[in-house]
Amino acid sequence: MAGMGPAQGRPPGAPDRAEVERLLESFGRHISSSLLRLYRFMGLDTLEWDGEGAICRDAEGREYLDFVGANGTLFLGRRHPRVTAAVREQLDRLTISSRLFAHEPQIRLAEKLAEIAPGDLQYTFFCNSGAEAVEGALKLARAATGRTEIISTQGAFHGKTFGALSATGRELYRKPFEPLLPGFVHVPYGDADAVEAVISDRTAAVIVEPIQGENGVIIPPDDYLPRLRQLCDRHGALLIIDEVQAGLGRTGRWFGCNHTDTAPDIMTMAKILGGGVMPIGAFMARPEVFEPMDENPYIHSSTFGGNALACAAGYAALQAIEEEGLLEQARVKGERLMAGLRQIAAQFPQVIREVRGRGLMIGMELTREGLGGVIIADIVQNGLLAIHSLNNDRVMRFLPPAVVTEDQIDRALEIFGAAVERAAAVAEEV
Ligand SMILES: Cc1ncc(COP(=O)(O)O)c(C=O)c1O
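Rules behind the numbers
- Counting of residues starts from 1 at the beginning of each chain's written sequence and follows it residue by residue.
- Reporting of local features is limited, given that this is a predicted model, to residues whose pLDDT is at least 70; pairs of side-chain atoms are given and counted only at 80 or more, and all residues count toward the totals for whole chains, interfaces and linings.
- Near, for a residue, is defined by distance from a backbone-placed C-beta atom to a molecule or strand, with 6 Å as the limit that must not be exceeded.
- Secondary structure elements follow DSSP: runs of H or I no shorter than four residues count as helices, runs of E no shorter than two count as strands, and numbering proceeds from the N terminus.
- Three residue categories are used. Nonpolar comprises Ala, Val, Leu, Ile, Met, Phe, Trp, Tyr, Cys and Pro, charged comprises Asp, Glu, Lys and Arg, and polar comprises the others, including Gly.
- Exposure criterion: with C-beta atoms placed from backbone coordinates, a residue whose C-beta has 20 or more other C-beta atoms within 10 Å is buried, one with 12 or fewer is exposed, and one in between is partly exposed.
- It is the C-beta atoms, placed from the backbone, that decide contacts: two residues are in contact if theirs lie within 7 Å.
- When DSSP finds two or more bridges between two strands, those strands count as paired.
- Fitting a line to C-alpha atoms yields each axis, with helices limited to the stretch in contact; the angle taken between N-to-C directions then spans 0 to 180 degrees.
- In this scheme, roughly parallel covers angles under 35 degrees and roughly antiparallel covers those over 145, while 65 to 115 is roughly perpendicular and the rest are oblique.
- Here, expected helix span is obtained from the residue count minus one, scaled by 1.5 Å.
- Domains are outlined according to an automatic or database domain assignment.

### Brief notes about the site of the ligand
Around the ligand sit 15 residues in total, of which Gly130, Ala131, Gly159, Val244 and Gln245 are the nearest. For the shell around the ligand, the element with the most residues is helix H6 (residues 130-145), which contributes 3 residues. Of the residues assigned to the shell around the ligand, the class counts are 5 nonpolar, 7 polar and 3 charged.

### Let's talk about the environment of Asp58
Within the secondary structure, Asp58 is located in strand S2 (residues 55-58). Its 24 C-beta neighbours within 10 Å are what place Asp58 among the buried residues. Separated by 44 residues in sequence, Asp58 and Ala14 have C-alpha atoms that sit 9.0 Å apart. The residues touching Asp58, leaving out its near neighbours within four places in the chain, are Thr46, Leu47, Glu48 and Trp49.

### Comments concerning the sheet that holds strand S1 (residues 48-52)
Here we have 4 strands laid out as an open sheet, ordered S1-S2-S3-S13, and mixed in their pairing. Either end of the sheet is taken by a strand with one partner, and the two such strands are S1 and strand S13 (384-385). Relative to S2, S1 runs antiparallel, the two sharing 4 bridges. Looking at S2, one finds that Glu52 is bridged to Ile55.

### Quick word on the packing of H6 against helix H11 (residues 287-295)
The interhelical angle for the contact between H6 and H11, taken along N-to-C directions, is 95°, at an axis separation of 9 Å. Considered as vectors, H6 and H11 are oriented roughly perpendicular to each other. Between H6 and H11, the contacting residues are Leu140, Ala143 and Ala144 on the first element and Val289, Phe290, Glu291, Pro292 and Met293 on the second. Grouping the constituent residues of the contact of H6 with H11 by class yields 7 nonpolar, no polar and 1 charged.

### Let's talk about H6
The terminal C-alpha atoms of H6, which comprises 16 residues, lie 23 Å apart, in line with the 22 Å expected from a rise of 1.5 Å per residue. Among the 16 residues that make up H6, 13 are buried, leaving the element largely enclosed by the rest of the structure. Gly146 lies just past H6 and shows a positive phi near 70°.

### Some words on the sheet that holds strand S14 (residues 387-389)
An order of S11-S12-S15-S14 is seen for the 4 strands of this open sheet, with the pairing classed as antiparallel. Unpaired on one side and paired on the other, strand S11 (352-358) and S14 mark the two borders of the sheet. Recorded for the sheet is a direction-independent mean angle of 35° between the axes of neighbouring strands. One ladder, built from 3 bridges, connects S14 with strand S15 (residues 392-398); its direction is antiparallel. Opposite Ile387, over in S15, you have Arg397 as the bridge partner. Across the sheet, helix H14 (residues 371-381) lies against strand S12 (361-366), S14 and S15, angled at about 35° from S15, the strand it touches most.

### Re the domain arrangement of the chain
Accessible area lost when the parts come together is the quantity often used to give the size of an interface. Looking at the chain, the domain boundaries give domain 1 (17-79 + 325-429) and domain 2 (81-323). Between the C-alpha centres of domain 1 and domain 2 there is a distance of 27 Å. Taken together, the 29 residues of domain 1 in the interface contact 30 residues of domain 2. Listed by contribution, the elements that provide at least two residues to the side of domain 1 that touches domain 2 are helix H13 (326-347), S11, S12 and S15. Among the elements that take part in the side of domain 1 that touches domain 2, H13 stands out by supplying 5 residues, more than any other. A class-by-class count of the residues in the side of domain 1 that touches domain 2 yields 12 nonpolar, 10 polar and 7 charged.

See below:
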């Protein structure tokens, strides 16, 4: 593991090397043997231990710049002080409520979301993850319209529970679990004509990401979401925008759909909503659309959804994003990172085909599959964490926190540039 980020010495409380090794073996026996092999292949044969801001530290005391951030969750960085303070305070008062009263953190968070959400999304249902948010959105679309058909997109990623997986557009994840929910069709992403060709008065909803994240940061044409809005209105179908990855600041605006001024009927979110500290998801809807769940709050429910701890984290996170100007920072820092990556791409066109992104949601399309593995193993060894997209191995993704410093961005570019140079040499040999 020589050559990684500077080792600061074993952090206080971290197990010694023998115990780390024993725990890893145990991970292989009790959690996943193939994941353990992958971690070891990447040179990560230790434990993730702690960190703050953009820094992740392992149990040996090595530091990494974390540009994966739990697949985009850690927009506020690790352990943002406002969020951890809010959770600590809440921890001493009310954590999991009885569920027989309303409680303050949930109401404050719902109020704040209604203030920042596009259009007339006034109602929020809280759950615990992105996939759960998508499940709820799909159920609501059926209940609100009395229709069953859902139009989704090829390459889409909406999660892996049965309903969400039925909307997800990748065979690899779908095939072993078929038959999935009936009534789903998948059309090419970014192509409003393809939606127009299949939408009808049987369509309950069109579900779409504002930018396809896991498919490799695919940004649709500017008129895509507005045209889907019109098509849905024309056919009495609902527009569900899945903001689980792009939402809450990642692209430099509150929501990905803000960039083209499109207001959905139902909107999902998760990841950043917990401030990088708590797990929480949510879907929001217009009052008329939410009516079936408003009339009967028991037709869809979740024991942990909307718990006081997670909502306190969420409210503190939204306040921090607003008051610390993190939307603006995502724009400015995203430009710096993207400009640097484009310079590297111009130097090594045999390795990088394209750099694209919005704010701090950035993808790099490589010229060949296989190069990603070489580059990822190299940058990890040198103290930078970045990963390929789940639905598209050829696109590497950078999802750093908005609190990343300019120096950290420049250091990440150095590490990445050197790895691409080495990959270029390998590419020539092969
Ligand atoms: C757009 C989108 N929707 C849904 C999900 C699923 O979220 P989760 O992993 O929290 O279930 C993801 C996860 O990456 C996502 O990117």
